Amino acid sequence: QVQLVESGGGLVQAGGSLRLSCAASGRTLNSYVMGWFRQAPGKEREFVVNISWNGARTYGVDSVKGRFTISRNKNTNTVYLQMNSLLPEDTAVYYCAARRDQLRAEYEYWGQGTQVTVSS
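In short, a report on the structure. Predicted model, so just to flag it, every value in this text is computed and none were measured.

1. Brief notes about the pairing of strand β8 (residues 78-83)
- Along β8, five of the six residues are buried, which leaves the element largely enclosed by surrounding structure.
- Taken together, the six bridges between strand β3 (residues 18-26) and β8 define a ladder with antiparallel strand orientation. Its bridge partner being in β8, Ala23 is matched across the sheet by Thr78.
- Sheet analysis places strand β7 (residues 68-73) next to β8, joined by six bridges and oriented antiparallel. Residue pairing for β8: Arg72 is matched across the bridge by Val79.
- Hairpin connection, β7 to β8: the antiparallel pair is bridged by four residues, and Asn77 has positive phi, about 55 degrees.

Here it is, written out as structure tokens:
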């Protein structure tokens, strides 16, 4: 009933920038926490950053703080990930996901992912 579609991935040189988008269709997700995850080759999927339903609060892992910024447009049901100062270790498939705004709620909706490749 909800579909998440990522876009904006690609190939970029180290130090460059990319902006990812995640468009939601179907039921509105305005009351959901939206997050970005990534999975690098040979590694497990890891959490990167998320944003509260009203956009007032964000949280990101230490490795991306100061470089990645998450935002959302509730009117268009779209979440963004602005990635600056990219590093080769940022190379991964990036997924957007959504969960209910509840303590320890699990992410229940997932996109198909978009590839981000950062060259040295």
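2. So, the sheet that holds β8
- If you walk across this open sheet you meet the four strands as β1-β3-β8-β7, and the pairing is antiparallel. The strands lining the two open edges of the sheet, one partner per strand, are β1 (2-7) and β7. Between one strand axis and the next, the sheet turns through 15 degrees on average, direction left out of account.

3. Considering the state of the cysteines
- Per the counting criterion, the structure on display carries one disulfide.
- Two residues, Cys22 and Cys96, share a disulfide whose sulfurs are 1.9 Å apart. Between Cys22 and Cys96, the S-S torsion sits near 60 degrees, and that sign places the bridge as right-handed. With Cys22 in strand β3 and Cys96 in strand β9 (residues 92-100), the pair connects residues that are 74 residues apart, well separated along the chain.
- By relative accessible area, which is 0% here, Cys96 ends up buried.

Criteria and cut-off values
Residues numbered from 1 in each chain as written. Predicted model: local features only at pLDDT ≥ 70, side-chain atom pairs only at ≥ 80, totals over all residues. Heavy atoms only, no water. Buried < 20%, exposed > 50% of the residue type's maximum accessible area, 1.4 Å probe, protein only. Helix = DSSP H or I, 4+ residues; strand = E, 2+ residues; numbered from the N terminus. Pairing = 2+ DSSP bridges. Axes fitted to C-alpha atoms, helices over the stretch in contact; angles between N-to-C directions. Disulfide = S-S within 2.5 Å.

This is a description of form; function is not addressed.
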